[in-house]
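One-letter residues, chain by chain:
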Amino acid sequence: MTESVEVKAVVRVKLTTLGFVKNLGINQGLDGVAELLLQDAFQLELVSTELDPRTPGLEKQPIKGKARRAVDQKADEEVKYEARFSVPPDFGEIGAILAENERRTELFLRDIVLTGLPYGKVIVTCDSWVHSKFDNPQKRIFFTNKSYLPSQTPGGLKRLREIELQNLRGNGKGERKTFDRIYDYDKYNDLGYPDFSLELKRPVLGGKEHPYPRRCRTGRPLSKKDPLSETTSINFYVPRDEKFADVKEISFSVNTLSTVLHALVPTLEAAIVDTNLGFTTFAAIDALFKDGIELPRPKNQKNLLTLLPDLLQAGTEAGEDLLLFTKPEIVERDEFSWIRDEEFARQTVAGVNPCSIELLKEWPLKSKLDPEIYGPPESAITTELIEQQIKGYMTLEEAIQQKKIYILDYHDVFLPYVNKVRQIKGTTLYGSRTLFFLTLNGTLKPLAIELTRPPSCEKPQWKQVFTPDSDATQFWLWKLAKVHVLAHDSAHHQLISHWLRTHCAVEPYIIAANRQLSAAHPIYRLLYPHFRYTMEINALAREALINAEGTIETSFSARKYCMELSSVIYDQSWRFDSQGLPADLISRGLAVEDPSAPHGLKLTIEDYPFANDGLILWDAIKEWVADYINHYYQEDGLIESDQELTTWWAEIRNKGHEDKKDEPWWPILKIRQDLIEIATSMIWVSSAHHAAVNFVQYTYAGYFPNRPTIARNKMPTEHPTDKEWNMFLDKPHQTLLESFPSQIQATKVMAVLHILSTHSPDEEYIGAQMEPSWAEDLEVKAAFERFHRRLKSLEEKIDERNADKNLKNRRGAGIVSYEVLKPFSKPGLTGMGVPNSISI
């Protein structure tokens, strides 16, 4: 080719009435927006992959062109722009495009497609906000969909690759602006409001005193009353390309959850003035699903009916809305399931928190806390008591040897907070241990619950063991003890299994990836779908969910110590090398390595739905990751020589999880297998683990007697007055009702869980949609198609298992089938579906 060729660029710009129109300060439809875009919007520059042979070491001059709105197009959800370039024959392959937004408002670029080139069409996927040049003079850099390792990057792109990473790192100074795309680290020092009240001051999470993962830095001013805390603002900064609520549909989960937290919850609090008001009858609880709660419609507020159609209906009175909850599947199938001990035990392996139960490995049970502070460490659960409950099946020693005894252990975790929490009106707390026996039919049977209160300045240590006996008094005491255990499990689930292990631990991976891995890096492109949307939902959580006096603090067992408690558990037990499913199961004693067994593991509880389905999904993810990584890294030496990759992994350890950087268990990144394990663990946590602990929350906790988030009253046997004891004997059901969450606590949590458990219409499921960069490479494309087929076969396998009457933890009268790890789902409350990322 000796003559220049004319190349056409088509740019797709997304129109958003939440973003573009809002920023313009106008109120027009999409057609009106399109009219505003008639003028030139972009300066584009085509960048060659080659260096200029006439000036050694320098890039060729880019070819510039103006992008103008294409004629004869109807404004729908996007507007197309066109630019034309004359490309000389020796320009080389196009490797990147520079974009400059000449408007005064940001625009969202979908993609740029180049046609007319002799080597075929070039696609540049953007999916990014482009700032106005008046806000930031830096031109945006977009690489084509072809991926490169740093060592394989063409000379013409190497400098751009480093410039883009420098732009994303920032300089660590100043307050971040909404249009910034800067990723940096900070401690969790913005959960309290000390400037409003010192009662709302919260400890800084992160550092020697309270170890914690890091969040994204915002640079807001420090508090006047607490110089260690950051002030809050109406909008929590996240890098602009992490904020997708303006681009996705109005039903997108972030928008809906924000509406619940910022509009519905305050409306509930205004309607239910008495925060200690409980439910006086079980009929009153049932009325939440039959009659609903009438709420005043706030003035000057968007109509919540249109924003929350699944929760709100028009009230009978003008100016009122009716909050009417969907009946959760667990009570829809069996109204009395929450009472049964078998269901209580089944949910430890097939419910919303199936990753806390452990094999009992030590006997006798003994606390590791300081006895000078917390009292005698010996458990009150004796061998004789357990053998009485086993009823002659075997001795306790035999049961432990045969791996038949399991435990939910919330004793040492909660005990240090018991006296602190008990100073808060309307709540109580214990440390707890619950033991289970694995029966011959593969189900678990509850054996005993031990509740402990440490000594205080007034009273000695108190502890008592409760068992499921047939005596009427013991039956009700057992029922009340279960309420306390379930409240502990609910808190541990929400704070640890859900928040800490997924949302919180993953954010540093995302920050490090954007700071150290080029957008053209194959590992960035592998992980990107699993990192999308997470930082935005985490910012919303800091703003209105895990903050001081937020829903978590006001409604869960540890109250204002909830986040501090999550820091303690992070310090004591979080480790990266146990986040993958196989390692997690082994660490809890639920599996042992066995090369002859499926997945290389033998489960100690064979009918363990979370593990059974999860291991198939884990293997599928790992096979896909291995195919992908082995394609780009065709020898182990390329791992250590990849400076972007090794710096990324080092930064996760040394900055993102800085408080644990000296731990010996961090995986070494030297060979391909190391990277496969690391990436598979990250993808598992972001997709499958999060789905397992999130999308059946309403199924099991939407009817709060099944999973109360808090127990408000102490046990009747803990130093009762004669009046208290007689009231319990006369009306034990009333004592139970008074222990449940209050009306405001229950309804706030139910509303939030309803949204958290709901899939949006535009949900992005694992293995469903091929990323544009993967489609560019035929081998990667074929590997992804194999991955997709494996996920489809998993759906069939789950259906087959749920139909097997021999699997008692999945099949039985009134039992909710275990479907949450089915990869795909329709929108709504479905109890199934594994999104790519932590998007809610």
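In short, a report on the structure.

Procedures and definitions
- Residues numbered from 1 in each chain as written.
- Predicted model: local features only at pLDDT ≥ 70, side-chain atom pairs only at ≥ 80, totals over all residues.
- Heavy atoms only, no water.
- Helix = DSSP H or I, 4+ residues; strand = E, 2+ residues; numbered from the N terminus.
- Rg over C-alpha atoms; globule rule 2.2 N^0.38 Å.
- Buried < 20%, exposed > 50% of the residue type's maximum accessible area, 1.4 Å probe, protein only.
- Contact = heavy atoms within 4.5 Å.
- Lys, Arg positive; Asp, Glu negative; His and termini not counted.
- Charge placed at Lys NZ, Arg CZ, Asp CG, Glu CD.
- Patch = residues over 30% accessible without salt bridge, like charges linked within 9 Å, V, L, I, M, F, W, Y side chains within 5 Å.
- Areas by Shrake-Rupley, 256 points an atom, 1.4 Å probe, with all protein chains shown as cover.
- Salt bridge = Lys/Arg side-chain N within 4 Å of Asp/Glu carboxyl O.
- Pairing = 2+ DSSP bridges.
- Axes fitted to C-alpha atoms, helices over the stretch in contact; angles between N-to-C directions.
- Core = buried A, V, L, I, M, F, W, Y, C linked by side-chain atoms within 4.5 Å.
- Phe/Tyr/Trp six-rings, centres within 6.5 Å; stacked < 30°, edge-to-face > 60°.
- Parallel < 35°, antiparallel > 145°, perpendicular 65-115°, else oblique.
- Left-handed = near helix turned anticlockwise from the far one by under 90°.
- Nonpolar A, V, L, I, M, F, W, Y, C, P; charged D, E, K, R; others polar.

**Section: the overall build of the protein chain**
Next, step 1: Regarding its fold elements, the protein chain presents 29 helices and 20 strands.
Next, step 2: Since a compact globule built from 840 residues should have a radius of gyration of about 28 Å, the 29 Å found for the protein chain is in line with a globular shape.
Next, step 3: Sorting the 840 residues of the protein chain into buried and exposed places 60% on the buried side.
Next, step 4: Put simply, 74% of the contacts in the protein chain that link residues at least 6 apart link residues at least 24 apart.
Next, step 5: In the protein chain, which carries 102 positive and 118 negative side-chain charges, the distance between the mean positions of the two groups comes to 2 Å.

**Re unusual backbone geometry**
Next, step 1: A cis amide bond links Trp-363 with the next residue in sequence, Pro-364, at an omega value of 0°.
Next, step 2: Take Pro-364: it is sitting in the loop between strand S14 (358-359) and helix H9 (371-374).
Next, step 3: Residues other than glycine seldom take positive phi values, yet Arg-559 does so here, at roughly 50°.
Next, step 4: Considering the arrangement of structural elements, one finds Arg-559 in the loop between helix H17 (551-555) and helix H18 (562-573).
Next, step 5: We classify Arg-559 as buried; its relative accessible area is 14%.
Next, step 6: Phi at His-719 takes a positive value of approximately 45°, unusual for a residue other than glycine.
Next, step 7: Examined against the element boundaries, His-719 turns out to sit in the loop between helix H24 (697-701) and helix H25 (722-730).

**With respect to a nonpolar patch on the surface**
Next, step 1: Taken together, the side chains of Phe-336, Ile-339 and Phe-475 present a nonpolar region at the surface, about 280 Å² in accessible area.
Next, step 2: The topology assignment puts Phe-336 in the loop between helix H7 (329-333) and helix H8 (341-350).

**Considering the pairing of strand S16 (residues 431-438)**
Next, step 1: Of all 8 residues in S16, 8 are buried, a share of seventy percent or more.
Next, step 2: Neither face of S16 is open: one carries Gly-431, Arg-433, Leu-435 and Phe-437, the other Ser-432, Thr-434, Phe-436 and Leu-438, and all of them are buried.
Next, step 3: Where S16 meets strand S17 (residues 444-453), 8 bridges bridge the pair, whose relative direction is antiparallel. Across the sheet, the residue bridging to Phe-436 is Pro-446, located in S17.
Next, step 4: Hairpin geometry of S16 and S17 is characterised by an intervening segment of 5 residues between the two adjacent antiparallel strands and by a positive phi of about 85° at Gly-442.

**So, the sheet that holds strand S15 (residues 405-410)**
Next, step 1: If you trace the 5 strands from one edge of the open sheet to the other, you get S14-S15-S16-S17-S18, paired in antiparallel fashion. In the strand order of this sheet, the two ends are held by S14 and strand S18 (462-466), each with one partner.
Next, step 2: Sheet analysis places S14 next to S15, joined by 2 bridges and oriented antiparallel. The partner of Glu-358 across the bridge, within S15, is Ile-407.
Next, step 3: Sheet strands in contact with H8 are S15, S16 and S17, and its direction is about 85° off that of S17.
Next, step 4: Relative to S17, helix H14 (residues 472-516) is tilted by about 85°, and along the sheet it contacts S15, S16, S17 and S18.

**Considerations on the sheet that holds strand S8 (residues 140-143)**
Next, step 1: Taken together, 8 strands build an open sheet; the order of strands is S7-S6-S1-S4-S3-S2-S5-S8 and the sheet is antiparallel. Looking at the sheet topology across the chains shown, the edges are occupied by strand S7 (122-130) and S8. Ignoring strand direction, the axes of neighbouring strands in this sheet form an average angle of 25°.
Next, step 2: Docked against the sheet, helix H3 (residues 155-169) engages strand S2 (42-48), strand S5 (94-101) and S8, running at close to 125° with respect to S8.

**Remarks on the nonpolar core**
Next, step 1: Core analysis: the biggest nonpolar cluster contains 198 residues, and Leu-585, Tyr-608, Trp-624, Tyr-633, Trp-648 and Met-682 have the highest contact counts within it.
Next, step 2: For this core, the leading source of residues is H14, giving 21 residues.
Next, step 3: Excluding its chain neighbours within four sequence positions, the residues that come into contact with Leu-585 are Leu-590, Ala-591, Leu-601, Leu-603, Tyr-608, Ala-611 and Leu-615.
Next, step 4: Core analysis: the next-biggest nonpolar cluster, separate from the first, contains 31 residues, Leu-46, Leu-107, Leu-117 and Val-122 among them.

**A closer look at the environment of Val-265**
Next, step 1: Tracing the sequence through the fold places Val-265 in helix H4 (residues 253-271).
Next, step 2: Accessibility expressed as a relative area gives 6% for Val-265, which makes it buried.
Next, step 3: Through-space distance from the C-alpha of Val-265 to that of Ser-557 is 19 Å; in sequence the pair is 292 residues apart.
Next, step 4: With near-sequence residues (within four places) excluded, Val-265 lies in contact with Val-260 and Lys-748.

**Thoughts on the pattern of salt bridges**
Next, step 1: Counted under the stated rule, the structure contains 57 salt bridges.
Next, step 2: The salt bridge partner of Arg-181 is Asp-241, with a shortest N-O separation of 3.1 Å. Here the residue Arg-181 occupies a position in the loop between H3 and strand S9 (185-186), and Asp-241 occupies one in the loop between strand S10 (215-216) and H4, the gap between them amounting to 60 residues.
Next, step 3: Residues joined by salt bridges that share partners form a network here, namely Asp-186, Asp-190, Arg-215, Arg-220, Glu-230 and Arg-542.

**Considering the environment of Arg-340**
Next, step 1: With respect to the helices, strands and loops of the structure, Arg-340 is situated in the loop between H7 and H8.
Next, step 2: Separated by 139 residues in the primary sequence, Arg-340 and Lys-479 place their C-alpha atoms 9.7 Å from one another.
Next, step 3: Excluding residues within four positions of it along the chain, Arg-340 makes contact with Asp-334, Lys-482 and Ala-813.

**Description of the packing of aromatic side chains**
Next, step 1: According to the stated counting rule, one finds 41 aromatic pairs in the structure shown.
Next, step 2: Relative to Tyr-561, the ring of Tyr-417 has its centre 5.8 Å away and its plane inclined at 45°; by these criteria the two rings are tilted. Of the two residues, Tyr-417 is situated in the loop between helix H12 (411-414) and helix H13 (418-421) and Tyr-561 in the loop between H17 and H18; the sequence distance between them amounts to 144 residues.
Next, step 3: For Tyr-417, a relative accessible area of 5% gives the class buried.
Next, step 4: Judged by its relative accessible area of 15%, Tyr-561 falls in the buried class.
Next, step 5: Considering the side-chain rings of Tyr-608 and Phe-610, the 6.2 Å spacing of their centres and the 50° angle between planes classify their relative orientation as tilted.
Next, step 6: The exposure class assigned to Phe-610 is buried, which follows from its relative accessible area of 0%.
Next, step 7: One aromatic cluster in this structure is built from Tyr-188, Tyr-212, Trp-499, Tyr-509, Tyr-570, Trp-574, Phe-576, Trp-648, Trp-649, Trp-665 and Trp-666.

**So, the packing of H14 against helix H23 (residues 672-694)**
Angle between the axes and distance between the axes: these two values describe a pair of packed helices.
Next, step 1: Between H14 and H23, the least distance of the axes is 10 Å, while the angle of their chain directions is 155°. Relative to H23, the element H14 lies roughly antiparallel. Considering how the two elements wind past one another, H14 and H23 form a crossing that is left-handed. Between H14, through His-493, Ser-497, His-498, Arg-501, Thr-502, His-503, Val-506 and Tyr-509, and H23, the contact on the second element is made entirely by Met-682, Val-685, Ser-686, His-689, His-690, Val-693 and Asn-694.
Next, step 2: When its residues are assigned to classes, the contact of H14 with H23 shows 5 nonpolar, 9 polar and 1 charged.

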